[in-house]
Amino acid sequence: MRVEFYAAVGLIKTFTALPRGIGLTLGRFFSEVAFLLSRRLRGVAEKNLSLALPDLTESQRRKITKGVFLNLGRLLAEFAQFPKLNRKNIEQVVVYDGFENFAESVRRGKGTLFLTAHFGSWELSPFAHAVYGHPLKFVVRPIDNPYIDRVINSFRTLSGNQIIEKKEALREIVKTLRKNEAVGILIDQNVTLESGVFVPFFNTLACTTTSIATIALRTGATVLPGVLIWDDKLRKHRLHFEPPVVLIETGDLQVDIEANTRLFNQVLEGLVRKYPDQWLWVHRRWKTRPAGEIGVYRTQDPRLKGPRLEGPRKVAGGGRS
């Protein structure tokens, strides 16, 4: 663990010491090398793209997959620059796009739940928002190496943000929202059967966290979609806020939780369709399957028995924004 720690710290310190432009260039170089060497991750992205966007050509899928790796290289470079960012220079890196939607949520006074994802340089999104004067709290899964976890979290909180420990997340989130503050929750990763419901994502059932829907319905908090988008023309990131999601409320909590989780996936899917190379396609999003369905992803693990390649059933009319 300590070897990994020293390697990670050395890499981050190297990028921190570099001017941002050189860091971005070096990050691009690393990402291109990683793209060539990471056969397994490329395979996951190819599988996901063939499942979600089957009409794409092979060259289009490859271009999107390469864009994912470029985003990861950019994320590394930007993350290392966090100690240098302040209110005087943040506009050189991140500009707002749709800030009025966040302002409306604050005016409403019920707290803000950011519906967000591993999109663009996602670590920079809450950091920049806090530098602009709007700190928030967010729930993160601890990194397996505790030494690296401490370093990463120390960078994440430099601009005034706070991390919510997962074991006491619900209580802390509700307390934060009651003070009309904001909480960010990532909804785009696969979860276990115990933690989510199956709702469409790109016309295929995906086990999705119900946390945002449950909390929003119980607290009345505003659900505000927000992602960080790299704008190649501006050579900057746009911190993009969509209009608040109008929740479905029938009075049946369990029905409403599933309906709104479905709705949130549709919102996210719309953003991914618009900027397909900026979402994390290398994650096994459709790993958890309904009972009786065959797995999506090939595995070399001999402990996992049975066929693993056949795709899951499609969902009629679901998932498209």
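Residues numbered from 1 in each chain as written. Predicted model: local features only at pLDDT ≥ 70, side-chain atom pairs only at ≥ 80, totals over all residues. Heavy atoms only, no water.

Asks: What exactly am I supposed to notice about the packing of aromatic side chains here?
Replies: Geometry of an aromatic ring pair is reported as the spacing of the ring centres plus the angle between the planes. Applying the stated criterion across every chain, the model contains 21 aromatic pairs. Geometrically, the ring pair formed by Phe15 and Phe30 is edge-to-face, given 5.8 Å between the ring centres and 70° between the ring planes. In this pair, Phe15 sits in helix α1 (residues 2–17) while Phe30 sits in helix α2 (residues 20–37), placing the two residues 15 residues apart along the sequence. Relative to Phe69, the ring of Phe35 lies with its centre 5.6 Å away and its plane at 75°, an arrangement referred to as edge-to-face. In this pair, Phe35 sits in helix α2 while Phe69 sits in helix α4 (residues 58–80), placing the two residues 34 residues apart along the sequence. Here the basic side chain of Arg42 rests over the ring of Phe35, its NZ or CZ set 5.6 Å away from the ring centre. (Phe/Tyr/Trp six-rings, centres within 6.5 Å; stacked < 30°, edge-to-face > 60°. Helix = DSSP H or I, 4+ residues; strand = E, 2+ residues; numbered from the N terminus. Lys NZ or Arg CZ within 6 Å of the ring centre and 35° of its normal.)

Asks: Could you clarify how one ought to interpret the pattern of salt bridges in this entry?
Replies: Opposite charge on two side chains makes pairing possible when the charged atoms of those side chains draw close. Taken as a whole and assessed by the stated rule, the structure comprises 14 salt bridges. For Lys175, the salt bridge identified is with Glu172, shortest N-O distance 3.7 Å. On the criterion of helical spacing, the pair formed by Lys175 and Glu172 is a turn pair, its members being three residues apart in helix α8 (residues 169–178). With relative accessibility at 44%, the residue Lys175 sits in the partly exposed group. Judged by relative accessible area, Glu172 falls into the partly exposed class, the value being 21%. Several salt bridges share partner residues, and in doing so they unite Asp97, Asp231 and Arg238 into one network. (Salt bridge = Lys/Arg side-chain N within 4 Å of Asp/Glu carboxyl O. Buried < 20%, exposed > 50% of the residue type's maximum accessible area, 1.4 Å probe, protein only.)

Asks: Any chance you could explain the environment of Phe79 here in plain terms?
Replies: Within the fold, Phe79 resides in helix α4. Distance in space between the C-alpha atoms of Phe79 and Asn145 is 18 Å, their sequence separation being 66 residues. Not counting chain neighbours up to four residues away, the residues in contact with Phe79 comprise Ile12, Glu123, Ile152, Phe155 and Arg156. (Contact = heavy atoms within 4.5 Å.)

Asks: Just to check I follow, could you spell out the pairing of strand β6 (residues 196–201) for this structure?
Replies: One face of the sheet, then the other: side chains in a regular strand alternate in exactly this way. Across six bridges, β6 lies against strand β7 (residues 204–209) in antiparallel orientation. What sits directly across from Phe201, in β7, is Thr204. The hairpin turn running from β6 into β7, its antiparallel successor, is two residues long, and Phe202 in that turn takes a positive phi close to 55°. (Pairing = 2+ DSSP bridges.)

Asks: How should I be thinking about the environment of Leu41 in this particular structure?
Replies: Mapped onto the elements, Leu41 comes out in helix α3 (residues 39–52). If sequence neighbours within four positions are ignored, Leu41 has contacts with Phe69 and Val282.

Asks: Just checking my understanding: could you explain empty space enclosed by the protein for this structure?
Replies: Rolled over the atoms, a probe sized like a water molecule indicates the empty space that remains. If you walk through the whole model with that rule in mind, you get one cavity of 30 Å³ or more. Val68, Asn71, Leu72, His118, Gly120, Trp122, Gln278, Trp279 and Leu280 are the residues that line the largest cavity. Its residues assigned to classes, the lining of the largest cavity comprises five nonpolar, four polar and no charged. (1 Å grid on protein atoms, 1.4 Å probe; cavity = no way out; pocket = protein on both sides within 12 Å on 5 of 7 lines; lining within 4 Å. Points joined across faces, edges and corners; volume = space filled by probe spheres on them. Nonpolar A, V, L, I, M, F, W, Y, C, P; charged D, E, K, R; others polar.)

Asks: Is there a simple way to think about the sheet that holds strand β8 (residues 222–231) in this case?
Replies: Pairing within the open sheet is mixed, and its seven strands lie in the order β1-β9-β8-β2-β5-β3-β4. Every other strand in the sheet has two partners, leaving β1 (94–97) and β4 (162–164) as the edge strands with one partner each. Going across the sheet, the axis of each strand differs from the next one's by a mean of 30°, ignoring polarity. Contacting β2 (112–116), β3 (137–139), β4 and β5 (182–186), α8 runs over the sheet at an angle of about 140° to β5. (Axes fitted to C-alpha atoms, helices over the stretch in contact; angles between N-to-C directions.)

Asks: When you look at the layout of surface pockets in this model, what are you seeing that I'm missing?
Replies: Its boundaries defined by the atoms lining it, the second largest pocket holds a volume of some 550 Å³. Taken together, 18 residues make up the lining of the second largest pocket; nearest its centre are Arg28, Leu70, Arg74, Trp230 and Asp232. Considering each element in turn, the lining of the second largest pocket owes the most residues, eight residues, to α4. Taken together, the residues that form the lining of the second largest pocket break down as five nonpolar, six polar and seven charged.

Asks: Sorry if this is basic, but what is going on with the confidence of the model for the protein chain here?
Replies: Parts of the model with low pLDDT should not have their predicted coordinates read in detail. This prediction gives the protein chain a mean pLDDT of 92; 93% of its residues lie at or above 70. Predicted confidence for residues 300–321 stays below pLDDT 50, and this span has 47 contacts to residues more than four positions away or in other chains. (pLDDT = per-residue confidence, 0-100.)

Asks: Please explain helix α10 (residues 253–274) as it appears in this structure.
Replies: Because an α-helix completes one turn every 3.6 residues, residues spaced three or four positions apart along the sequence face the same direction. Taking 1.5 Å per residue, 22 residues should reach 32 Å; α10 reaches 32 Å between its end C-alpha atoms and fits that length. Buried residues of α10: Asp256, Ile257, Asn260, Thr261, Phe264, Asn265, Val267, Leu268, Glu269, Leu271 and Val272, and no others. The elements touched by buried residues of α10 are β2, β6, β7, α9 (211–219), β8 and β9 (236–241). (Expected span 1.5 Å × (residues − 1).)

Asks: Can you walk me through α9 in this structure?
Replies: Every buried residue of α9 is accounted for by Ile212, Ala213, Thr214, Ile215, Ala216 and Leu217. Buried residues along α9 sit in contact with β2, α8, β5, β8 and α10. Backbone geometry just downstream of α9 places Gly220 in the positive-phi region, at approximately 80°.

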